[in-house]
Amino acid sequence: MEQRSNYKKFLLMWSGEFISSIGGGLTSFGLSVYVLQKTGSAASASLVALLAFLPVLLLSPIAGVLADRYDRCLLMMIGDGMSGIGLIFILVCMFIGEAQVYQICIGVFISSVFSSLLDPAYRAIVTDMLTKDEYSKASGMMSIAGSARYLISPLIAGMLLSISDVKLLIIIDICTFILTVICTAVVRKSRIPNHTSSEKSFKKSFKEGWAAITEKRGIFILIIVSSVITCFMGAIQILVEPMILDFQTPKVLGIAETVCASGMLVSSVIIGIAGLKKNFTRILSMSLTFCGLAMIGFGFKENIIIICLFGFLFFFMLPFANNCLDYLTRTNIDADKQGRAWGLISFLSQIGYVFAYGVAGILADKIAEIRNVGVGRGAAMVIMISGVLMMIFAVSISGFKSVRELENGVENAKTIDNK
């Protein structure tokens, strides 16, 4: 039976998440600059990033089960709408006086708890809305939305910080939640099909989600690979700001981050229009290898042009890797288990970020102290080491036979859709 496409409705929901991503990027940029200027420590900025990320990671398996048991659009609306509570708390602290690092940590933690509902529900509802032929294009569009926090937000935030302060960025972010909830509500009203399993116990639903990601060895290996890769990527994400702020202004930092992230926009648009058709394992390995190479060049010298050049290459290659991981996984998991599966996948594949956020800043500070240099050069050294390790690990991916066999699932999915 031919599945009806809801691509226009997907685009409406996507537009809301795109706007939300921009708002989140403004807050993330502003708080990082605020903490770095207040403390001068990469470790403090890493702690804020860790507490903003940890609830999303720890709660994603539970959120995945909820996404298969309840209304996915409603879960997204609750997640988007209620995540503003933590930001309001930070804003109040700033209006009363200077917000302390521990207060910022509390606020981002609260916001992250509610945001944890979003990703499994969002990914699963894409499967409900679209045909398999549209998955790759949708993945490209989702990459564009994700890149907005790196492409658009830093430029806007850097400019706004030159005329105002971080409070304005937080207020704008809070306002974006309203529009995002409205977009999702409109899609929900159109009654998109929703695969639910509310009659099953929570424990049984969780076990079925675990079985969905472990019954094919290739999927589980991809998850492990993703976890290691996210550890390396987390290093550049958390250390780029202390590295550049060590010798440049927040305005230049914002422009540099936008130039770098434009690489993600270019490749996401290419994938969104054309899609990837085959050789997913080979493309995954090659793209991550180039990411590692870019990280080495990124931290090589305190030269903003060189940094932007290699940063562009890094972000250009990321959507190719993300698309391959997304498509190989999506086409090998049953639709009615997608929410539980993506919740567990998000948890397992992003454990590397926790390690990176918890350790990278401390290592950068320690290297800077030992070498008697600024924290920026300590951050650059950690980024380059991470790049070398990423290249070594990326090359090994194509050696896993079970991962290559997942492409049979891709071909089978195409065959079914063509019948």
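As for unusual backbone geometry
If you check the backbone angles, Asn372 has positive phi at about 55 degrees while not being a glycine. Under the relative-accessibility criterion, Asn372 is labelled exposed at 70%.

Here's the deal with a nonpolar patch on the surface
A surface patch of nonpolar side chains, about 420 Å² in accessible area, is lined by Leu12, Ile178, Leu179, Ile182 and Val186. Considering every element that reaches the nonpolar patch, the biggest residue donor is helix α9 (residues 166-189), with four residues. Within the secondary structure, Ile182 sits in helix α9. Exposure remark for Ile182: the relative accessible area of 46% places this residue in the partly exposed category.

Considerations on the nonpolar core
In this structure, Phe10, Ile104, Ile170, Ile213, Leu239 and Phe314 are the most contacted members of the largest nonpolar core, which totals 122 residues. Tallying contributions element by element places helix α11 (residues 217-245) first for this core, with 16 residues. Once you skip the residues sitting within four places of it in the chain, Phe10 turns out to touch Tyr122, Val126, Met129, Leu130, Ala138, Met141 and Met142.

Focus on the environment of Phe298
Along the polypeptide, Phe298 turns up in helix α13 (residues 280-298). For Phe298, a relative accessible area of 3% gives the class buried. As for Phe298 and Gly387, which are separated by 89 residues in sequence, their C-alpha atoms are 9.3 Å apart. Look past the residues within four positions of Phe298 in its chain and what remains in contact with it is Ile236, Val240, Met243, Cys260, Ile307, Phe310, Gly311 and Ile383.

What to know about the packing of α11 against helix α12 (residues 250-274)
α12 packs onto α11 with a crossing angle of 135 degrees between their chain directions and a minimal axis gap of 9 Å. It follows that α11 is oblique to α12 by the angle criterion. Every pair of crossing elements has a handedness; the one defined by α11 and α12 is right-handed. Every residue of α12 that contacts α11 at Val240, Glu241, Ile244 and Leu245 is listed here: Pro250, Leu253, Ala256 and Glu257.

Details of the pattern of salt bridges
A side chain of one charge can pair with a side chain of the opposite charge if their charged atoms are brought near each other. Going through the model one piece at a time under the given rule, you end up with three salt bridges. The residue Lys38 makes a salt bridge to Glu98 at a minimum N-O spacing of 2.7 Å. With Lys38 in helix α1 (residues 7-39) and Glu98 in the loop between α4 (84-96) and α5 (101-115), the pair connects residues that are 60 residues apart, well separated along the chain. On the basis of relative accessible area, Glu98 is assigned to the exposed category, the value being 58%. Two residues, Asp71 and Arg188, come together in a salt bridge whose shortest N-O distance is 2.9 Å.

Brief notes about helix α2 (residues 42-69)
Taking 1.5 Å as the rise per residue, α2 with 28 residues should run 40 Å; its terminal C-alpha atoms sit 41 Å apart, in good agreement. At Ser60, α2 is bent by approximately 55 degrees, the largest bend along its length, and proline Pro61 sits one to four residues beyond. Regarding α2, its N-cap is Ser41, as a side-chain oxygen of that residue lies 3.2 Å from the backbone nitrogen of Ala43 further along.

Overview of the environment of Leu57
Note on placement: Leu57 falls in helix α2. Given a relative accessible area of 4%, Leu57 falls into the buried group. Linking Leu57 and Val113, residues 56 residues apart in sequence, is a C-alpha distance of 9.4 Å. If we ignore the near neighbours within four places in the chain, the residues touching Leu57 are Ser346, Phe347, Gln350, Ile351 and Val354.

So, the confidence of the model for the chain
When pLDDT is averaged along the chain, the result is 84; 92% of the residues meet or exceed 70. Every residue in residues 413-419 is under pLDDT 50, and counting partners more than four places away or in other chains gives six contacts.

Concerning the packing of aromatic side chains
Counting across every chain of the model gives nine aromatic pairs. Centre to centre, the rings of Phe53 and Tyr353 are 5.3 Å apart; their planes meet at 75 degrees, and the pair counts as edge-to-face. Here the residue Phe53 occupies a position in helix α2, and Tyr353 occupies one in helix α16 (residues 351-371), the gap between them amounting to 300 residues. A relative accessible area of 11% means that Phe53 is categorised as buried. Using a relative accessible area of 11% as the deciding quantity, one classes Tyr353 as buried. Ring centres of Phe314 and Phe315 lie 5.3 Å apart, and the angle between their planes is 90 degrees; on these two criteria the pair is classed as edge-to-face.

Concerning the side chain of Ser287
Note that Ser287 resides in helix α13. What Ser287 contacts, discounting residues up to four positions off in sequence, is Met317, Phe320 and Ala321.

What counts as what
- Residues numbered from 1 in each chain as written.
- Predicted model: local features only at pLDDT ≥ 70, side-chain atom pairs only at ≥ 80, totals over all residues.
- Heavy atoms only, no water.
- Buried < 20%, exposed > 50% of the residue type's maximum accessible area, 1.4 Å probe, protein only.
- Patch = residues over 30% accessible without salt bridge, like charges linked within 9 Å, V, L, I, M, F, W, Y side chains within 5 Å.
- Areas by Shrake-Rupley, 256 points an atom, 1.4 Å probe, with all protein chains shown as cover.
- Salt bridge = Lys/Arg side-chain N within 4 Å of Asp/Glu carboxyl O.
- Helix = DSSP H or I, 4+ residues; strand = E, 2+ residues; numbered from the N terminus.
- Core = buried A, V, L, I, M, F, W, Y, C linked by side-chain atoms within 4.5 Å.
- Contact = heavy atoms within 4.5 Å.
- Axes fitted to C-alpha atoms, helices over the stretch in contact; angles between N-to-C directions.
- Parallel < 35°, antiparallel > 145°, perpendicular 65-115°, else oblique.
- Left-handed = near helix turned anticlockwise from the far one by under 90°.
- Expected span 1.5 Å × (residues − 1).
- Bend = angle between axes of the 7 residues up to and from the residue.
- Polar contact = N/O pair within 3.5 Å; in protein donor to acceptor, adjacent residues only side chain to side chain.
- pLDDT = per-residue confidence, 0-100.
- Phe/Tyr/Trp six-rings, centres within 6.5 Å; stacked < 30°, edge-to-face > 60°.

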